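# Working through the structure, step by step
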Amino acid sequence: GGGARSYTPQYLVDALAGARNNLVAVEDRVLDDRQFIDFLASGDIVVLPYKAAAFGDRPSGILIDVVTLGRPIVAIEGTWLAEAVRHYGWGEVVADDGGAAIAAAVRRMRPRYQQYLDALRTSREGYMLQHSWARLVKSIVRSVRPGAKQPFHLVRTVSHERSERIAVDETGVVARLLASR
């Protein structure tokens, strides 16, 4: 064995199974990285139906994938994803009312599709420079001072409008490991 396991709840798998038609693709198998990217790239619009309770102040890695592919996005209000979509003009933000608002947003996006593509094209590089794993690691490594005795502060982006300062105790094991490399 040892195959990948799907974490999609069965009730959602069952509901989506009934949605298949010539306009809606439902992928209900576990995908490897290449299959996942190919699946995202196969659509014209990507719906990210993340809930505010879980994603109100934390990002999802799928946003980087979708932005890299240049696909317009539908996101749910109250999420960090929605803030990014609204801030950069990458698509539509909808209320969390089930599928009706999502379907309406997709219909609204059709006549303005090129506008979303243009917004993605013009902001993608800057976004990727600011929100990548490489940038995070560089900021931590650059901030670690060998032999430091005091914590230092990093600025964590909470949303596109708000940041927090985080105290990092670089006298700990992780900082020593980073400083030694």
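Residues numbered from 1 in each chain as written. Predicted model: local features only at pLDDT ≥ 70, side-chain atom pairs only at ≥ 80, totals over all residues. Heavy atoms only, no water.

A word on the overall build of the chain. A tally of helices and strands in the chain yields nine helices and five strands. Relative to its 181 residues, the chain shows a buried fraction of 27%. By sequence separation, contacts in the chain at least 24 residues apart represent 52% of the contacts at least 6 residues apart. Approximately 11,800 Å² of the chain is accessible, and the part contributed by carbon and sulfur atoms is 55%. (Helix = DSSP H or I, 4+ residues; strand = E, 2+ residues; numbered from the N terminus. Buried < 20%, exposed > 50% of the residue type's maximum accessible area, 1.4 Å probe, protein only. Contact = heavy atoms within 4.5 Å. Areas by Shrake-Rupley, 256 points an atom, 1.4 Å probe, with all protein chains shown as cover.)

Within the secondary structure, Arg-71 is located in the loop between α4 (62–69) and β2 (73–76). Notably, Arg-71 is buried but unbridged: the nearest opposite-charge side chain belongs to Asp-44, and the N-O separation is 5.7 Å. Looking at Arg-71, its side chain comes within polar contact range of the main-chain oxygen of Gly-43, at 2.7 Å. (Lys, Arg positive; Asp, Glu negative; His and termini not counted. Salt bridge = Lys/Arg side-chain N within 4 Å of Asp/Glu carboxyl O. Polar contact = N/O pair within 3.5 Å; in protein donor to acceptor, adjacent residues only side chain to side chain.)

A separate point is the nonpolar core. Among the nonpolar cores identified, the biggest contains 19 residues, and Leu-48, Leu-63, Val-67, Ile-73 and Trp-90 are the most heavily contacted of them. Of all the elements in the fold, those that place two or more residues in this core are β1 (46–48), α4, β2, α5 (80–88) and α7 (113–130). The residues touching Leu-48, leaving out its near neighbours within four places in the chain, are Ile-62, Leu-63, Ile-73, Val-74, Ala-75, Ile-76 and Leu-81. Val-74, Ala-101, Ile-102 and Met-109 belong to the second-largest nonpolar core, a separate cluster that totals eight residues. (Core = buried A, V, L, I, M, F, W, Y, C linked by side-chain atoms within 4.5 Å.)

Once that is clear, we can look at the packing of helix α2 (residues 33–41) against α4. At a closest axis distance of 10 Å, the pairing of α2 and α4 adopts a crossing angle of 55 degrees. By the angle class used here, α2 and α4 are oblique. Here the hand of the crossing between α2 and α4 comes out right-handed. Facing Phe-36, Ile-37, Leu-40 and Ala-41 of α2, the residues of α4 in contact are Ile-62, Asp-65, Val-66 and Leu-69. Of the residues in the contact of α2 with α4, the class split is seven nonpolar, no polar and one charged. (Axes fitted to C-alpha atoms, helices over the stretch in contact; angles between N-to-C directions. Parallel < 35°, antiparallel > 145°, perpendicular 65-115°, else oblique. Left-handed = near helix turned anticlockwise from the far one by under 90°. Nonpolar A, V, L, I, M, F, W, Y, C, P; charged D, E, K, R; others polar.)

Here the focus is the sheet that holds β2. Pairing between the strands of a sheet is mediated by backbone hydrogen bonds and can be parallel or antiparallel. Here we have three strands laid out as an open sheet, ordered β1-β2-β3, and parallel in their pairing. The open sheet has two free edges, formed respectively by β1 and β3 (91–94), since each of these has just one partner strand. Mean inter-strand twist for the sheet, computed between neighbouring axes without regard to direction, equals 15 degrees. The sheet contact formed by β1 and β2 spans three bridges and is parallel. If you follow Val-46 over to β2, its bridge partner there is Ile-73. (Pairing = 2+ DSSP bridges.)

Compared with the 26 Å implied by 1.5 Å per residue over 18 residues, the 25 Å span of α7 between its first and last C-alpha is a close match. By the largest-angle criterion, Ser-123 marks the main kink of α7, which is about 45 degrees. Within α7, burial applies to Tyr-116, Leu-117, Ala-119, Leu-120, Ser-123 and Tyr-127. Tucked inside the fold, the buried residues of α7 contact α4, α5, β3 and α6 (99–109). (Expected span 1.5 Å × (residues − 1). Bend = angle between axes of the 7 residues up to and from the residue.)

Time to look at the packing of aromatic side chains. According to the stated counting rule, one finds three aromatic pairs in the structure shown. Where Tyr-88 meets Trp-90, the ring centres are 4.6 Å apart and the plane angle is 10 degrees; that geometry is what we call stacked. Trp-90 sits in the buried class, given a relative accessible area of 0%. Considering the side-chain rings of Trp-90 and Tyr-127, the 5.0 Å spacing of their centres and the 85 degrees angle between planes classify their relative orientation as edge-to-face. Here Trp-90, found in the loop between α5 and β3, pairs with Tyr-127, found in helix α7; they are 37 residues apart in sequence, far enough to count as distant. The burial state of Trp-90 is the same as that of Tyr-127; both residues are buried. Ring pairs connect the aromatic residues Tyr-88, Trp-90 and Tyr-127, which therefore count as one cluster. (Phe/Tyr/Trp six-rings, centres within 6.5 Å; stacked < 30°, edge-to-face > 60°.)

Our focus in this paragraph is the pairing of β2. Residues Ile-73 and Ala-75 of β2 are buried on one face, and the alternating residues Val-74 and Ile-76, pointing to the opposite face, are buried as well. Handedness of the crossover is the feature at issue here: the chain leaves β2, passes through α5, returns alongside β3, and the resulting connection is right-handed. (Right-handed = clockwise from strand over helix to strand, strands pointing away.)

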